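Chain and residue survey
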Amino acid sequence: SQTIHQWPATLVQPVGSPLSLECTVEGTSNPNLYWYRQAAGRGLQLLFYSVGIGQISSEVPQNLSASRPQDRQFILSSKKLLLSDSGFYLCAWSRVGGTEAFFGQGTRLTVV
Amino acid sequence: AQSVSQHNHHVILSEAASLELGCNYSYGGTVNLFWYVQYPGQHLQLLLKYFSGDPLVKGIKGFEAEFIKSKFSFNLRKPSVQWSDTAEYFCAVNPSSYSSASKIIFGSGTRLSIRP
């Protein structure tokens, strides 16, 4: 069966510090991968999605970037965090061709 | 750009009342449609999905949704809610089912509170 791992679960970082959140999927090949940010009253905002290694589509211009160095690994990064980057970040995967997304447990990021 | 609208931000009902949560999307092509639920403190779970065929789909826990293509809608319904249905509900759309680029776009969510 397929599983998705996302870490860390919580993170407190100072303004201006770098960020690296990692997500890996097991039990499937060539998944579509997603990073979302969930904010109260705003639902899930799609940040990045990827259909293959090195292929990243950005949905919202911002202080974050994403990379996919391996087939089942998706990384969300920032060189310098802003206070506005605080939020709940979710990684997800889906099968090629358009199926439902399966979510990780999320990372609560607080920038102080 | 594609978007998903959930017009009800917070719905409060008594137990046994009927539920209908609205979802409209903006995309003229083929779509896959989903409803997710997030119970307090838990991660997102799929309630039901529509890919093709019968526009009335049934999901878990007695939920159902109806796809009305002419209205670009996919409303969620339940005839009789329970206190345990208290959660946040998200509608989602995958606007390109035949390509490899499978964006999944979510609405802003509807918080459902059930009074015991």
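Further up the page is the structure itself.
This is a predicted model, so every value here is computed, not measured.

1. Looking at the pairing of strand β2 (residues 10-14) of chain B
Residues and elements named next belong to chain B.
- Every second residue of β2 is oriented toward a common face, the buried set being Val11 and Leu13 and the non-buried set His10, Ile12 and Ser14.
- Pairing of β2 with strand β12 (residues 110-115), which is carried by 5 bridges, proceeds in the parallel orientation. What sits directly across from Ile12, in β12, is Ser113.

2. Side note on the sheet that holds strand β7 (residues 65-70) of chain A
Residues and elements named next belong to chain A.
- Taken together, the 4 strands give an open sheet; going across it, the order is β1-β3-β8-β7, and neighbouring strands pair in antiparallel fashion. Two strands bound the open sheet, and with one partner strand each, they are β1 (3-7) and β7. Strand after strand, the sheet turns through a mean of 20 degrees between neighbouring axes, direction not considered.
- As paired elements, β1 and strand β3 (residues 19-26) share 5 bridges and run antiparallel to each other. From the neighbouring strand, Ile4 faces β3, where its bridge partner is Val25.

3. Concerning the interface of chain B and chain A
- Contacts between the two partners involve 22 residues from chain B and, on the opposite side, 22 residues from chain A.
- Counting each side, the surface lost to burial between chain B and chain A is near 1,700 Å², with a carbon and sulfur contribution of 55%.
- The tally of links between chain B and chain A comes to 2 salt bridges.
- In this structure, the salt-bridge partner of Glu100(A) is Lys49(B), at a minimum N-O distance of 3.1 Å.

4. Describing the state of the cysteines
All names here are of chain A.
- Here the structure, examined in full by the defined rule, presents 2 disulfides over all chains.
- Note on cysteine connectivity: Cys23 is disulfide-linked to Cys91, with sulfurs 2.0 Å apart. The sign of the S-S torsion, about -75 degrees, decides the handedness of the disulfide formed by Cys23 and Cys91: left-handed. Of this pair, Cys23 sits in strand β3 while Cys91 sits in strand β9 (residues 87-94); the two residues are 68 residues apart in sequence, bridging distant segments of the chain.

Thresholds, definitions, all that
Residues numbered from 1 in each chain as written. Chains lettered and ligands numbered in written order. Predicted model: local features only at pLDDT ≥ 70, side-chain atom pairs only at ≥ 80, totals over all residues. Heavy atoms only, no water. Buried < 20%, exposed > 50% of the residue type's maximum accessible area, 1.4 Å probe, protein only. Helix = DSSP H or I, 4+ residues; strand = E, 2+ residues; numbered from the N terminus. Pairing = 2+ DSSP bridges. Axes fitted to C-alpha atoms, helices over the stretch in contact; angles between N-to-C directions. Contact = heavy atoms within 4.5 Å. Buried area = accessible area lost by both parts, 1.4 Å probe. Salt bridge = Lys/Arg side-chain N within 4 Å of Asp/Glu carboxyl O. Disulfide = S-S within 2.5 Å.

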